[in-house]
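# Chains, contacts and geometry: an overview
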Amino acid sequence: MSEASDQPHRDLNVAKKNHFSIPMNALIRTVEASSKIHKKYFRKWGPGAGDEKSAKEVVSRVDREAEEFLKKKLLKLVSGSSFYGEESGRSGAGELLWI
């Protein structure tokens, strides 16, 4: 069930893009689960709780943890897909690219 409402998602079954079948309900659950990572850390850390990746640009443990979670789940969701994350770059060479 969605945290945004008490009603379950309508059965969206599968979206077909080219020759890929994307199980939409599983995709929605994955994205909702990733939001829990951000909620877990929300307002728990003060300034300086991340690593500086370039001048005036900081990456936090939350950013990395959420990205790694999404990469792992989305690559598993559609076999042969690839993933591009802001922190980790590209993983895989599949035609379907999760961004």
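These lines cover the structure that appears in this document, whether it is placed above or below. (Residues numbered from 1 in each chain as written. Predicted model: local features only at pLDDT ≥ 70, side-chain atom pairs only at ≥ 80, totals over all residues. Heavy atoms only, no water.)

## Looking at the sheet that holds strand β7 (residues 97–98)
Formally: Strands were regarded as paired on the criterion that DSSP finds at least two bridges between them. Under the DSSP-based scheme used, a helix requires at least four consecutive residues in state H or I and a strand at least two consecutive residues in state E, with every element numbered from the N terminus. Any two residues whose heavy atoms approach within 4.5 Å at even a single point are treated as in contact. Lines fitted to C-alpha atoms define the axes, with helix axes restricted to the stretch in contact, and inter-axis angles between N-to-C directions lie between 0 and 180 degrees.
Taking strand neighbours across the sheet as the criterion, the three strands line up as β6-β5-β7 in an open arrangement whose pairing is mixed. Across the chains shown, the open sheet's two edge strands, defined by having one partner strand only, are β6 (89–91) and β7. Pairing between strand β5 (residues 82–85) and β6: three bridges, direction antiparallel. In the sheet register, Y84 faces β6, and the bridge partner there is R90. Relative to the sheet, helix α2 (residues 61–77) contacts β5, β6 and β7, its axis offset from that of β5 by approximately 165°.

## Side note on the pairing of β5
Looking at chain direction, β5 and β7 are connected through two bridges and run parallel. Its bridge partner lying in β7, S82 is registered against L97. Between the antiparallel neighbours β5 and β6 lie three residues.

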